[in-house]
Amino acid sequence: MKNLIGLSKNELNAELIQLGEKPFRTKQLWHWLYHQGETDFSEMTTLAKPFREKLSSLYTIIHPKIITEQNSKDGTRKWLMEFEDGKQVECVYIPEEDRGAVCISTQVGCAQGCKFCHTGTQKMMRNLTAGEIVGQFMTARDSYGEWPTKTDENRMLSNIVVMGMGEPLYNFENLKTALNILMDGDGIAISKRKITVSTAGMADHIPELADLGVKLAISLHAPNNEIRNQIMPINKKFPLEKLITACKEYQARCERRSFITMEYVMLKGINDSPENAQELMQLVKGLEVKFNLIPFHKWDGAPFEPSDMQTIKNFSKILENHWFAAPIRRSRGEDIMAACGQLKSARDKKEI
Ligand code: SF4
């Protein structure tokens, strides 16, 4: 049976028209699915009973299943979620003061093979469907009991970062459908300004993110092509010149001023020198950016060492002296291994 989660409003409308229903039914059903978070047709009391019975004989409403849930001392909550075919991804809630962001995945595994990233060591299995992308956020809401959709001011799960497993822009059509569902004001209603899509640099689709109105983060991690080619294979296809041009186009197409976050993992002796900081500032000339310096978390078999904290502070200072925001990312959920890809790997190891 077909899962209704992940159908765009037009697709849902087409399904209902095929069943001989009036268009206003789409709005009612959408409200149950995405505003109420209801998963049982029989509870949809504003729909006529015969219609509910017809729906339950033809469709399902499935949110991803939680396989494990871990809670960190600092409030980070991390889930391993499973889809209907048994494939699993990680999803994390990261609190910031009284609210926070849910980090969602777009692929099972990742084909990009960035050398510093644990997910890069896991085989790419498949793209997630739009329903599986939206479903992660819905399961996170289930976990916090945040249904029906609360007002923007009252909700805890206030932001979304598309920064989990996989390269979102290599699953662009499903990502777009999922974002449109997440942003729809009649349902989950996350404002576009509260959604950030992070890419390793698939330049072709970057400008289109401006049309969706979402924020952009780049996994940059290197100040020049030589270093980036060594640590991120995607750079051979989309070298920095192409990436920076795409970022400029994104900013030109944004309706409002929108800073791009440049993620930069600090790798000892690789990309952390004062000269690298100078090069980095040259590289982003003409763009409005903020940096996010990420201390590297060493995992088993990682080919790099973390930079010393003093080196990271010096790097940050150089950037800040030139008026760039360059905070050092606080480590979150370290006690539950909240770094990219680690929960799934820990479980895979146990199963071997
Ligand atoms: S950093 Fe992102 S794109 Fe690179 S291997 Fe990890 S998940 Fe894939």
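Residues numbered from 1 in each chain as written. Predicted model: local features only at pLDDT ≥ 70, side-chain atom pairs only at ≥ 80, totals over all residues. Heavy atoms only, no water.

Turning our attention to the environment of Glu 90. Relative to the helices and strands, Glu 90 resides in strand S5 (residues 88-96). Considering only alpha carbons, one finds Glu 90 and Ile 67, 23 residues apart in sequence, at a separation of 10.0 Å. A distance of 3.1 Å separates polar atoms of two side chains, one belonging to Glu 90 and the other to Lys 78. (Helix = DSSP H or I, 4+ residues; strand = E, 2+ residues; numbered from the N terminus. Polar contact = N/O pair within 3.5 Å; in protein donor to acceptor, adjacent residues only side chain to side chain.)

Here Glu 96 is to be found in strand S5. Considering only alpha carbons, one finds Glu 96 and Ser 198, 102 residues apart in sequence, at a separation of 19 Å.

Before going further, it helps to examine the packing of aromatic side chains. Enumeration over the complete set of coordinates arrives at six aromatic pairs. With centroids separated by 5.4 Å and ring planes inclined at 65°, the aromatic side chains of Phe 291 and Phe 324 adopt a geometry described as edge-to-face. Here the residue Phe 291 occupies a position in strand S13 (residues 289-295), and Phe 324 occupies one in the loop between helix H11 (309-321) and helix H12 (342-351), the gap between them amounting to 33 residues. The same class applies to Phe 291 and to Phe 324, which are both buried. A network of ring pairs unites the aromatic residues Trp 79, Tyr 93 and Tyr 144 as a single cluster. The ring of Tyr 144 has Arg 77 lying over it, and the distance from NZ or CZ to the ring centre is 4.1 Å. One Lys or Arg, Arg 141, reaches over the ring of Trp 147 and ends 4.9 Å from the middle of that ring. (Phe/Tyr/Trp six-rings, centres within 6.5 Å; stacked < 30°, edge-to-face > 60°. Buried < 20%, exposed > 50% of the residue type's maximum accessible area, 1.4 Å probe, protein only. Lys NZ or Arg CZ within 6 Å of the ring centre and 35° of its normal.)

All right, on to the sheet that holds strand S3 (residues 65-71) then. Spatial strand order, S3-S4-S5-S6-S9-S10-S11-S12-S13: nine strands in an open sheet with mixed pairing. Every interior strand has two partners, whereas the edge strands, S3 and S13, have only one. Sheet twist, expressed as the mean angle between neighbouring strand axes with direction ignored, is 25°. One ladder, built from four bridges, connects strand S10 (residues 195-199) with strand S11 (residues 215-219); its direction is parallel. Opposite Thr 199, over in S11, you have Ile 218 as the bridge partner. (Pairing = 2+ DSSP bridges. Axes fitted to C-alpha atoms, helices over the stretch in contact; angles between N-to-C directions.)

Right, let's talk about helix H3 (residues 49-58) for a bit. Three or more residues of H3 are buried, namely Phe 51, Arg 52 and Leu 55. With its buried residues spanning 100° around the axis, H3 presents them on a single face. Structural note: H3 exposes Lys 49 and Pro 50 on the side pointing more than 90 degrees away from its buried face. Those residues of H3 hidden inside the fold are in contact with helix H1 (9-18), helix H2 (24-35) and strand S2 (59-60). (Arc of directions from axis to C-beta. Contact = heavy atoms within 4.5 Å.)

Moving on to the pairing of S10. Of all five residues that make up S10, five are buried, and the element is covered over most of its length. Of the two faces of S10, the one carrying Ile 195, Val 197 and Thr 199 and the one carrying Thr 196 and Ser 198 are both buried. In this structure, strand S9 (residues 157-162) lies alongside S10, joined through three bridges in parallel fashion. Within the sheet, the bridge partner assigned to Val 162 lies in S10 and is Val 197. On the question of chirality, the crossover connecting S9 to the parallel S10 by way of helix H5 (residues 172-183) is right-handed. (Right-handed = clockwise from strand over helix to strand, strands pointing away.)

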